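Residue-level structural notes
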Amino acid sequence: MTDSTKIFLNPSCTKCRLTMELLSEKGIQPNVVEYLQTPPDKQELEEILIMLKIEPRQLMRTHESEYKDNNLSDESLSREQLIEAMIAFPVLIERPIVINNGKAAIGRPPETILEIL
């Protein structure tokens, strides 16, 4: 990952828009990735999980139908299987994710990202 600021977002998400406003107020123009159109690959997801210091399930939107339909609550699923599910169904990835200088934060609430700026 580069040292520039990057945001993974869904433009129709209110928290994503608020996070973008917060970045703009700080004078930061991030590299915007609409992750539903351009999902992160396996390596990028692994790097994001390491930066966030969380496991894959903690990055998943568990209320989405894709989570339920694919039985992703099954505790026997491996880390790799959960990552593959997020790649196959990017809607499962929690948003927004901001990456800045090797650190990451989930903008829920948006002010959480201030810790890494």
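Above: the structure in question.
Residues numbered from 1 in each chain as written. Predicted model: local features only at pLDDT ≥ 70, side-chain atom pairs only at ≥ 80, totals over all residues. Heavy atoms only, no water.

Let us now look at the overall build of the chain. Looking only at helices and strands, the chain has four helices and four strands in total. Moving toward the C terminus, one meets the helices and strands of the chain in the order β-α-β-α-α-α-β-β. Against the 2.2 N^0.38 benchmark of 13 Å for 117 residues, the chain shows a C-alpha radius of gyration of 14 Å, consistent with a compact globule. Principal-axis analysis of the C-alpha atoms places the extent of the chain at approximately 45 × 25 × 20 Å. When each of the 117 residues of the chain is scored for burial, the buried share is 44%. Sequence separation of 24 or more characterises 65% of the internal contacts of the chain that already satisfy a separation of 6 or more. Accessible surface, the chain as shown: approximately 6,400 Å² in total, 47% of it carbon and sulfur. Averaging the coordinates of the 13 positive side-chain charges in the chain and doing the same for the 19 negative ones gives two points 5 Å apart. (Helix = DSSP H or I, 4+ residues; strand = E, 2+ residues; numbered from the N terminus. Rg over C-alpha atoms; globule rule 2.2 N^0.38 Å. Buried < 20%, exposed > 50% of the residue type's maximum accessible area, 1.4 Å probe, protein only. Contact = heavy atoms within 4.5 Å. Areas by Shrake-Rupley, 256 points an atom, 1.4 Å probe, with all protein chains shown as cover. Lys, Arg positive; Asp, Glu negative; His and termini not counted. Charge placed at Lys NZ, Arg CZ, Asp CG, Glu CD.)

Moving on to helix α1 (residues 14-25). An α-helical turn contains 3.6 residues, so a residue and the one three or four places further along point in the same direction. Compared with an ideal rise of 1.5 Å per residue, which puts 12 residues at 16 Å, α1 spans 17 Å between its outermost C-alpha atoms and is within 8% of the ideal. Where α1 is concerned, the buried positions are Cys-16, Thr-19, Leu-22 and Leu-23. An end-on view of α1 places all buried positions within 120° of arc, on one side of the element. Against β1 (6-9) and β3 (97-100) lie the buried residues of α1. Just downstream of α1, Gly-27 is the residue with a positive phi angle, here 75°. (Expected span 1.5 Å × (residues − 1). Arc of directions from axis to C-beta.)

On to the sheet that holds strand β2 (residues 31-34), then. Ordered in space as β2-β1-β3-β4, the four strands form an open sheet in which the pairing is mixed. Two strands lie at the open edges of the sheet, namely β2 and β4 (103-106), each paired on one side alone. Sheet twist, expressed as the average angle between the axes of neighbouring strands with direction ignored, equals 15°. Sheet topology note: the β3/β4 ladder contains four bridges and is antiparallel. Residue Val-98 lies in a different strand from β4, and its bridge partner there is Ala-105. (Pairing = 2+ DSSP bridges. Axes fitted to C-alpha atoms, helices over the stretch in contact; angles between N-to-C directions.)

In this section: the environment of Ser-4. Tracing the backbone shows Ser-4 in the segment before β1. Exposure remark for Ser-4: the relative accessible area of 43% places this residue in the partly exposed category. Here the alpha-carbon distance between Ser-4 and Ser-65, two residues 61 residues apart in the chain, equals 34 Å.

With that out of the way, let us pick up the pattern of salt bridges. Under the criterion given, the structure shown has seven salt bridges. Glu-94 is the partner of Arg-61 in a salt bridge, and the nearest nitrogen-oxygen pair spans 3.0 Å. A residue pair is termed long-range when its members are at least 10 positions apart, and Arg-61 in the loop between α2 (42-52) and α3 (65-69) and Glu-94 in the loop between α4 (79-88) and β3 qualify at 33 residues. What makes Arg-61 buried here is its relative accessible area of 8%. Across the pair Glu-94 and Arg-108 runs a salt bridge whose closest N-O atoms are separated by 2.7 Å. Placement of the pair is Glu-94 in the loop between α4 and β3 and Arg-108 in the segment after β4, with a sequence separation of 14 residues. (Salt bridge = Lys/Arg side-chain N within 4 Å of Asp/Glu carboxyl O.)

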